[in-house]
Amino acid sequence: MPLRAAGSLLLGAAIFASLPARASSVSAEVASDSSHRGLSWIDRKAALEVTATVPVGPASFVDLAVIGTRGAARENGAEVMLQAAVRHSVDAGPLALWGGAGCRLFNGIGLCEVDGGGRYDIAFVSLRVAGHYAPPQSAIGGDTLYLDTGVDVALPGTPVTLFARTGRSSGRSQDPQRAARLRPAGRYHDYSAGIAIARGRLDLGLRYVGADNVRHPALPGGGDPEGRIVAHIRIDI
């Protein structure tokens, strides 16, 4: 990774380390790919990410992240991407609802969206559904709607959780070249399934990630492969 990217990541880590003690979490993660909604955000390269969640009210939080993107085409050649989001959550017994808004910034380009969703816990099973909408903006050549659902199953008496996810991306395109950043084939479905193991401050995970109909000649290798294995290791700082 170029020195400027490493410097930005170190600066981000220093900023997060200086956050007040009331910050709910600060973590660092290394993954074999930065995969979101079935797409690789860094051309299928290893990724370093530093994140923090800071409470700003009884049920409101600010989420921050610095991600090394290593000159990826999807980030317009940026070495680093910054993310910031605000969200509010409400818990009512086994039901949790949340909503918020956030932006990503890379190479002077901003990409913003609003989102919301809910989670319902039944014993050791957690069901989740969410929606994310990016209004029309030049960075993505139109707008994007992403709907997803998932289930987590914690194995009783173990640190192991099994999970599965599926989602659908759609939207209107005004610039097909830029729309390929989030929707390489207009509309598509993605899916993933895996295992996570949590031990103290350490979290290890392995998942299979796939997407239908996402080949695109403007992206490296023609787009994203139909399926791949992504591994990660994360530690709370």
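The coordinates are above.
Residues numbered from 1 in each chain as written. Predicted model: local features only at pLDDT ≥ 70, side-chain atom pairs only at ≥ 80, totals over all residues. Heavy atoms only, no water.

Novice: Help me understand the overall build of the protein in this model?
Specialist: Helix and strand counts for the protein come out as 2 helices and 14 strands. By residue count, 40% of the 237 residues in the protein fall in the buried class. Carbon and sulfur atoms form 63% of the exposed surface of the protein, whose accessible area is close to 11,800 Å². (Helix = DSSP H or I, 4+ residues; strand = E, 2+ residues; numbered from the N terminus. Buried < 20%, exposed > 50% of the residue type's maximum accessible area, 1.4 Å probe, protein only. Areas by Shrake-Rupley, 256 points an atom, 1.4 Å probe, with all protein chains shown as cover.)

Novice: Even after reading the chapter, I still don't get the pairing of strand E7 (residues 95-106), so can you show me in this structure?
Specialist: On a regular strand, one side chain projects to one face of the sheet and the next to the other, so that they alternate. Of the pairings in the sheet, the one linking strand E6 (residues 80-92) to E7 comprises 11 bridges and is antiparallel in character. The partner of Val86 across the bridge, within E7, is Ala101. Connecting E6 to the antiparallel partner E7 that follows it, the hairpin turn spans 2 residues, and Gly93 within it adopts a positive phi of roughly 65°. With 12 bridges joining them, E7 and strand E8 (residues 109-122) adopt antiparallel strand pairing. Along E8, the bridge assignment pairs Leu97 with Gly118. Two successive antiparallel strands, E7 and E8, enclose a turn made up of 2 residues, where Asn107 displays a positive phi of approximately 50°. (Pairing = 2+ DSSP bridges.)

Novice: Looking at this model, I keep getting lost on the side chain of Gln137. Mind explaining?
Specialist: Tracing the backbone through its elements, the reader meets Gln137 in strand E9 (residues 125-137). A distance of 2.9 Å separates a polar atom in the side chain of Gln137 from the backbone oxygen of Pro135. Setting aside chain neighbours within four positions, we find Gln137 in contact with Gly110, Leu111, Cys112 and Gly142. (Polar contact = N/O pair within 3.5 Å; in protein donor to acceptor, adjacent residues only side chain to side chain. Contact = heavy atoms within 4.5 Å.)

Novice: Explain the pairing of strand E11 (residues 160-170) to me, please; I cannot follow it from the model alone.
Specialist: The pairing of strand E10 (residues 142-154) with E11 spans 10 bridges and is antiparallel. By the bridge assignment, Thr149 is partnered in E11 with Thr166. Relative to strand E12 (residues 188-199), E11 runs antiparallel, the two sharing 10 bridges. Looking at the pairing, Arg168 lines up with His189 of E12.

Novice: What is the right way to read the pattern of salt bridges from this model?
Specialist: In this structure the tally under the stated criterion is 9 salt bridges. Across the pair Arg228 and Asp33 runs a salt bridge whose closest N-O atoms are separated by 3.0 Å. One end of the pair, Arg228, is in strand E14 (residues 227-236); the other, Asp33, is in the loop between strand E1 (25-31) and strand E2 (35-36), with 195 residues separating them in the sequence. Each member of the pair, Arg228 together with Asp33, is buried. Residues Asp63 and Arg87 are paired through a salt bridge, measuring 2.6 Å at the closest nitrogen-oxygen approach. Of this pair, Asp63 sits in strand E5 (residues 60-68) while Arg87 sits in strand E6, and the two are 24 residues apart along the sequence. With relative accessibility at 27%, the residue Arg87 sits in the partly exposed group. (Salt bridge = Lys/Arg side-chain N within 4 Å of Asp/Glu carboxyl O.)

Novice: Just to check I follow, could you spell out the state of the cysteines for this structure?
Specialist: What is meant by a disulfide is a covalent connection between two cysteines, made through their sulfur atoms. For the coordinates displayed, the defined rule picks out 1 disulfide. Each sulfur in the disulfide pair Cys103 and Cys112 lies 2.0 Å from the other. Linking Cys103 and Cys112, the disulfide has an S-S dihedral of approximately 105° and is accordingly described as right-handed. Exposure remark for Cys103: the relative accessible area of 35% places this residue in the partly exposed category. (Disulfide = S-S within 2.5 Å.)

Novice: So what exactly am I meant to see when it comes to the sheet that holds E11 here?
Specialist: As a general point, the strands of a sheet are linked pairwise by backbone hydrogen bonds and lie either parallel or antiparallel. Read once around its circumference, the closed barrel built from 12 strands follows the order E1-E4-E5-E6-E7-E8-E9-E10-E11-E12-E13-E14, with strand pairing classed as antiparallel. For this sheet the average axis-to-axis angle between neighbouring strands, irrespective of direction, equals 20°. Taken together, the 7 bridges between E1 and strand E4 (residues 47-55) define a ladder with antiparallel strand orientation. Residue Ser25 lies in a different strand from E4, and its bridge partner there is Thr53. (Axes fitted to C-alpha atoms, helices over the stretch in contact; angles between N-to-C directions.)

Novice: Sorry if this is basic, but what is going on with the nonpolar core here?
Specialist: As a rule of thumb, nonpolar side chains are buried together in soluble globular proteins. One finds Trp41, Ala65, Ile67, Ala78, Met81, Phe106, Ile109, Leu111, Ala134, Ala139, Ile140 and Leu182 forming the largest nonpolar core, which totals 12 residues. Mapped by element, the contributors of at least two residues to this core are E5 and E8. (Core = buried A, V, L, I, M, F, W, Y, C linked by side-chain atoms within 4.5 Å.)

Novice: Would you explain the environment of Leu127 in this entry?
Specialist: Its location among the elements puts Leu127 in strand E9. Leu127 sits 24 residues away from Val151 along the chain, and the two C-alpha atoms are 4.6 Å apart. With near-sequence residues (within four places) excluded, Leu127 lies in contact with Gly118, Arg119, Tyr120, Ile122, Gly150 and Val151.

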